[in-house]
Amino acid sequence: MADSQTLEVQEKKEAAPRGAEQTKPARYFVPVTDIYETDQALVVVMEMPGVDRKDIDIRVEEDVLRVEGRIDHAKYDGMEPLYAEYSVGPFARSFALSHMIDQQRIDAAFTDGVLTLNLHKVQKAAPRRIEIG
């Protein structure tokens, strides 16, 4: 039986800057992420509160899966929160993909600020017996 886990508010962590130099200063935050495995895929679940579907960019380049979610700061103009547990800002996360992931069969869904990625596993050839003719 699995250990019970306590749900706790997570601190919003700042992502390390990527290799490319930026022309304007920007802070990126690491989205809270869970990864679990099924027989067919790895499933990656990321929380991206405040991000709209149109502002998410998911790319695979050189065996690296990159996810970015941008925030429309105009939504927050003039707001003075009485209490806030996280800073408003864009999200960024990247993952190195193994040879066991079929990079052509990655799909995504986004609902209520939660991004779910299905990283399907490579289909292995089924074992078979070869008859001598």
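Use the structure listed above.
These notes cover the structure that comes with them. (Residues numbered from 1 in each chain as written. Predicted model: local features only at pLDDT ≥ 70, side-chain atom pairs only at ≥ 80, totals over all residues. Heavy atoms only, no water.)

Here we come to the pattern of salt bridges. Scanning all chains against the criterion turns up four salt bridges. Linking D55 and K54 is a salt bridge whose minimum nitrogen-to-oxygen distance equals 3.2 Å. Taking the relative accessible area as the measure of exposure, K54 reaches 62% and is therefore exposed. (Salt bridge = Lys/Arg side-chain N within 4 Å of Asp/Glu carboxyl O. Buried < 20%, exposed > 50% of the residue type's maximum accessible area, 1.4 Å probe, protein only.)

One finds M46, M48, L65, V67, L115, L117 and L119 to be the most contacted residues of the largest nonpolar core, which totals 17 residues. Where this core is concerned, the elements lending two or more residues are β4 (41-47), β5 (51-61), β6 (64-71), β7 (91-96), β8 (101-111) and β9 (114-121). Excluding residues that lie within four positions of it along the chain, L117 makes contacts with L42, V43, V44, I58, L65, V67, D107 and A108. (Core = buried A, V, L, I, M, F, W, Y, C linked by side-chain atoms within 4.5 Å. Helix = DSSP H or I, 4+ residues; strand = E, 2+ residues; numbered from the N terminus. Contact = heavy atoms within 4.5 Å.)

With seven bridges connecting them, β8 and β9 associate as antiparallel partners. Across the sheet, residue A108 finds its bridge partner in β9, namely L117. As consecutive antiparallel partners, β8 and β9 are separated by two residues, and within that stretch D112 has a phi angle of approximately 50°, a positive value. (Pairing = 2+ DSSP bridges.)

A word on the sheet that holds strand β3 (residues 33-37). Pairing in this open sheet of four strands is antiparallel, and the strands run β3-β4-β9-β8 from one edge to the other. The open sheet has two edge strands with one neighbour each: β3 and β8. With direction set aside, neighbouring strand axes in the sheet form an average angle of 15°. Where β3 and β4 come together, five bridges link them in antiparallel fashion. Each bridged residue has a counterpart across the sheet, and for I35 the counterpart in β4 is V44. (Axes fitted to C-alpha atoms, helices over the stretch in contact; angles between N-to-C directions.)

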